[in-house]
Amino acid sequence: MTGDVLGAGQPQTFTVRVRGQTAQSPYRLELSIADANGNVLHREESLGDDFDAFFGKDWLVKDCTGYMACKDKWYFEDVPKLLETSFVAAERPLFASEQAFYEQMEGIATRDLRRMGYAGPRLAAVLQEMRDILGKPGFRLVAAVSRPMGDHGDAKVWVPSIRRFVSCYDP
């Protein structure tokens, strides 16, 4: 699927691969985002080991019944729908008064940025850039799709100065 998740006016390509040894074994979901030239901007993968046995429970995936029906619905219907939301620009900014969000964002983003090797003033500058991006309408978030339990994992925002997606929200 393609769409503009960077907000730069050019589409990026989202590629999702779902793999498993058998239909009954946990799947591995691989997501990559590439620019128009084919350069990979982001790659992540998640394993379904910790929730695979719960497919078919009425609380895990909505509007399905049975292990295979719910597993197929999550990976092949719900994940693409969630990713399509990544192309939708926010209609309003996150206001500074939404302090709880920004506190969570800073903790999650700091964790992510430290893993990427950022520290000190550079880390602080990237956090400020993220606050600036989220503080204006039109930002986009890469939908988190690693888990079907309503807590899909980290949502990410594109940070132009470092040309990386950085986690900013974890429900």
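Procedures and definitions
- Residues numbered from 1 in each chain as written.
- Predicted model: local features only at pLDDT ≥ 70, side-chain atom pairs only at ≥ 80, totals over all residues.
- Heavy atoms only, no water.
- Helix = DSSP H or I, 4+ residues; strand = E, 2+ residues; numbered from the N terminus.
- Buried < 20%, exposed > 50% of the residue type's maximum accessible area, 1.4 Å probe, protein only.
- Contact = heavy atoms within 4.5 Å.
- Lys, Arg positive; Asp, Glu negative; His and termini not counted.
- Charge placed at Lys NZ, Arg CZ, Asp CG, Glu CD.
- Core = buried A, V, L, I, M, F, W, Y, C linked by side-chain atoms within 4.5 Å.
- Pairing = 2+ DSSP bridges.
- Axes fitted to C-alpha atoms, helices over the stretch in contact; angles between N-to-C directions.
- Phe/Tyr/Trp six-rings, centres within 6.5 Å; stacked < 30°, edge-to-face > 60°.
- Lys NZ or Arg CZ within 6 Å of the ring centre and 35° of its normal.
- Polar contact = N/O pair within 3.5 Å; in protein donor to acceptor, adjacent residues only side chain to side chain.

(A) The arrangement of the overall build of the chain in detail. Across its full length, the chain carries three helices and six strands. Starting at the N terminus and ending at the C terminus, the chain contains elements arranged as β-β-β-β-α-α-α-β-β. Considered along the principal axes of its C-alpha atoms, the chain spans approximately 50 × 35 × 30 Å. When burial is assessed residue by residue, the chain has 42% of its 171 residues classed as buried. A separation threshold of at least 6 residues defines the contact pool for the chain, and within that pool the share at least 24 residues apart is 52%. One way to put it: in the chain the 21 positive side-chain charges average out to a point 4 Å from where the 24 negative ones average out.

(B) Main features of the nonpolar core. Val5, Phe14, Phe55, Val61, Tyr75 and Phe165 are the most contacted members of the largest nonpolar core, which has 22 residues in total. A per-element tally of this core places helix H1 (residues 67–84) first, with five residues. With residues up to four places along the chain from it excluded, the contact list for Val61 reads Phe55, Cys70, Lys73, Trp74, Asp78 and Pro148. Counting residues in each nonpolar core, the second largest holds 18 residues, with Tyr102, Leu113, Leu123 and Met130 among its members.

(C) The arrangement of the sheet that holds strand E4 (residues 40–47) in detail. Strand order in the open sheet formed by four strands is E1-E2-E3-E4, with antiparallel pairing between adjacent strands. Each edge of the open sheet carries a strand with a single partner, namely strand E1 (2–3) and E4. The pairing of E1 with strand E2 (residues 12–19) spans two bridges and is classified as antiparallel. Directly across from Gly3, in E2, lies its bridge partner Gln12. Running at roughly 155° to E2, H1 makes contact with E2 and strand E3 (28–34) of the sheet.

(D) Inspection of the packing of aromatic side chains at higher detail. Inspection of the entire model under this criterion finds seven aromatic pairs. Aromatic pair Phe14 and Phe87: ring centres 4.9 Å apart, planes at 75°, arrangement edge-to-face. Of this pair, Phe14 sits in strand E2 while Phe87 sits in the loop between H1 and helix H2 (99–115); the two residues are 73 residues apart in sequence, bridging distant segments of the chain. For Phe14, a relative accessible area of 3% translates into the label buried. Between Trp158 and Phe165, the ring centres sit 4.9 Å apart and the planes meet at 65°, which makes this aromatic pair edge-to-face. We note Lys71 situated over the ring of Tyr27; from NZ or CZ to the ring centre the distance is 3.9 Å.

(E) Local environment of the environment of Gly20. The topology assignment puts Gly20 in the loop between E2 and E3. By relative accessible area, which is 43% here, Gly20 ends up partly exposed. For the pair Gly20 and Ala119, spaced 99 residues apart in the sequence, the C-alpha separation amounts to 38 Å. Discounting chain neighbours no more than four positions away, the residues touching Gly20 are Ser25, Pro26 and Tyr27.

(F) Representation of the side chain of Gln12. Relative to the helices and strands, Gln12 is located in strand E2. Note on Gln12: relative accessible area 2%, which makes it buried. Separated by 3.3 Å, the side chain of Gln12 and the backbone nitrogen of Leu6 make a polar contact. Beyond its immediate sequence surroundings of up to four residues, Gln12 is in contact with Met1, Thr2, Gly3, Asp4, Val5, Leu6, Ile33, Ala34, Asp35 and Leu41.

(G) Main features of the pairing of E3. Burial of E3 is extensive: six of the seven residues sit out of reach of the surface. For E2 and E3, the ladder comprises seven bridges, and the chain directions are antiparallel. Along E3, the bridge assignment pairs Phe14 with Ile33. Pairing of E3 with E4 involves seven bridges; the strand directions are antiparallel. Note that in E4 the partner of Glu30 across the bridge is Glu45. What sits between the antiparallel neighbours E3 and E4 is a turn of five residues, in which Gly38 has the positive phi angle 90°.

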